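Residue-level structural notes
As a plain string of letters, each chain reads:
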Amino acid sequence: MTEQLRLMAVHAHPDDESSKGAATMAKYVSEGVDVLVVTCTGGERGSILNPKLQGDKYVEEHIHEVRKQEMDEARQILGVQQEWLGFVDSGLPEGDPLPPLPQGCFALEDVEEAAGRLVKSIREFRPQVITTYDENGGYPHPDHIMTHKITMVAFEAAGDASKYPEAGEPWQPQKLYYNQGFNRPRTVALHEALLARGMESPYGEWLERWKEFVRDERTLTTFIPCDEFFEIRDKALIAHATQIDPDGGWFNVPMDLQREVWPTEEYELATSHVDTSIPESDLFAGIRDNA
């Protein structure tokens, strides 16, 4: 190795990094890889989903500061670096018809302009690998979709000296992945394993809702063995106390069953500037040997 390996994970809100690819990041940290989480918004418009904190006046009035504190705790648990891009949470519009997005929010930013902030982060951190969401955002939250858009622009622009010259020296990342941890094969496997043990499954409702969406199955290209780090993943997720009920369905699947049935986190290789063979078991496949 002649160069330090670096991984950047681009997420929309604080807590996304702990629910999508957290065990992968903890694994790479344990191997000496530098890992940076870039959080696009402060999560200011996120609902308080933990029933134990609903109605808490301090939390409601200081949600921005509280979510920053939660992010700091999760960052320490995972062992990653973290930075904020500084955009304002768009919220999740609900209703029919959907209400307009709030002025000044992330999802209404100009894509090319917003991508400039991420280009600066890429050029400063110099990652070989970047992870983010697919074009559907993983699920259709406007901030997740916007995160995808700016990451696609920034991934290609970061290495082009003619683009965003004010953002620093060019740096071209080698691979871009989409997080696909919430995939149907994994969900079905865990659901069936729970039923086979005579246990209740939190995934039955998910699988029913899945039928409502007309969406092509994603191609899973990369399976990262990281079951040793599932406890760290869960601890980081619980640190986002406003968003996660520690007694909720997230944590109803026994750890031994998870490790036995599905010990990996999954990704979809979107772009690669290096040769690699599919399926992969390493986000740095094709990079380690050439570093």
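Attention here is on the structure that accompanies the text. (Residues numbered from 1 in each chain as written. Predicted model: local features only at pLDDT ≥ 70, side-chain atom pairs only at ≥ 80, totals over all residues. Heavy atoms only, no water.)

1. Points about empty space enclosed by the protein
Applied cut-off: The definitions used throughout rest on a 1 Å grid laid over the protein atoms alone, on which a cavity is an enclosed set of points accommodating a 1.4 Å probe that cannot get out and a pocket is an open set flanked by protein within 12 Å on both sides along at least five of seven lines; lining residues are those having an atom within 4 Å of a point. Grid points are joined across faces, edges and corners, and a volume is the space filled by probe spheres set on the points. Helix and strand definitions follow DSSP, with helices as H or I runs of at least four residues and strands as E runs of at least two, each counted in order from the N terminus. Throughout this entry, Asp, Glu, Lys and Arg are counted as charged residues, while Ala, Val, Leu, Ile, Met, Phe, Trp, Tyr, Cys and Pro are counted as nonpolar. The remaining residues, Gly among them, count as polar.
By the definition in use, this model includes one cavity of 30 Å³ or more. A volume near 40 Å³ is recorded for the largest cavity. Taken together, L7, A9, K20, G21, T24, M25, T131, N179, Y267 and L283 form the lining of the largest cavity. Secondary structure elements with two or more residues in the lining of the largest cavity: β1 (6-11) and α2 (22-30). Within the lining of the largest cavity, the residues separate by chemical class into five nonpolar, four polar and one charged.

2. Notes on the sheet that holds strand β7 (residues 264-272)
Short version of the rule: What makes two strands pair is DSSP finding at least two bridges between them. Axes here mean lines fitted to C-alpha atoms, for a helix over just the part in contact, with angles spanning 0 to 180 degrees between N-to-C directions. Whether two residues are in contact is decided by their heavy atoms: any pair within 4.5 Å suffices.
The seven strands are arranged β3-β2-β1-β4-β5-β7-β6 in an open sheet whose pairing can be described as mixed. Edge positions in the sheet fall to β3 (81-87) and β6 (222-225), since each has one partner strand and no second. On average, adjacent strands in this sheet sit at an angle of 30° to one another, irrespective of strand direction. Of the strand pairs in this sheet, strand β5 (residues 175-179) and β7 are connected by five bridges, and their pairing is antiparallel. In the strand pairing of β7, Y177 is matched with L269. Strands in contact with helix α5 (residues 111-125) are β1, β2 (34-41), β3 and β4 (129-132); relative to β3, the strand with the most contacts, it is inclined by about 160°. Of the strands in this sheet, β1, β2, β3, β4, β5 and β7 touch helix α6 (residues 142-157), which is tilted by about 170° from β5.

3. Observations concerning α2
Applicable threshold: Categorising residues by exposure relies on relative accessible area from a 1.4 Å probe, with only protein chains included: less than 20% of the type maximum marks a residue as buried, more than 50% marks it as exposed, and the intermediate range marks it as partly exposed.
Extensive coverage of α2 is indicated by the burial of seven of its nine residues. Among all positions of α2, only A22, A23, T24, M25, A26, K27 and Y28 are buried.

4. Description of the layout of surface pockets
One number sums up the size of the second largest pocket: a volume of about 150 Å³. P202, W206, R209, D245, G248, G249, W250 and N252 together form the lining of the second largest pocket. Residues of the lining of the second largest pocket, tallied by class, amount to three nonpolar, three polar and two charged.

5. Some words on the nonpolar core
Put simply, the rule reads: We call a set of buried Ala, Val, Leu, Ile, Met, Phe, Trp, Tyr and Cys residues a nonpolar core when their side-chain atoms join them within 4.5 Å.
In this structure, L7, M25, Y28, L283 and F284 are the most contacted members of the largest nonpolar core, which totals 29 residues. Top element by residues in this core is α2. It accounts for five residues. Excluding residues that lie within four positions of it along the chain, F284 makes contacts with L5, R6, L7, Y28, V33, Q128, V129 and K175. The next biggest cluster of nonpolar side chains, apart from the first, holds 25 residues, and it includes M8, V10, L118 and M146.

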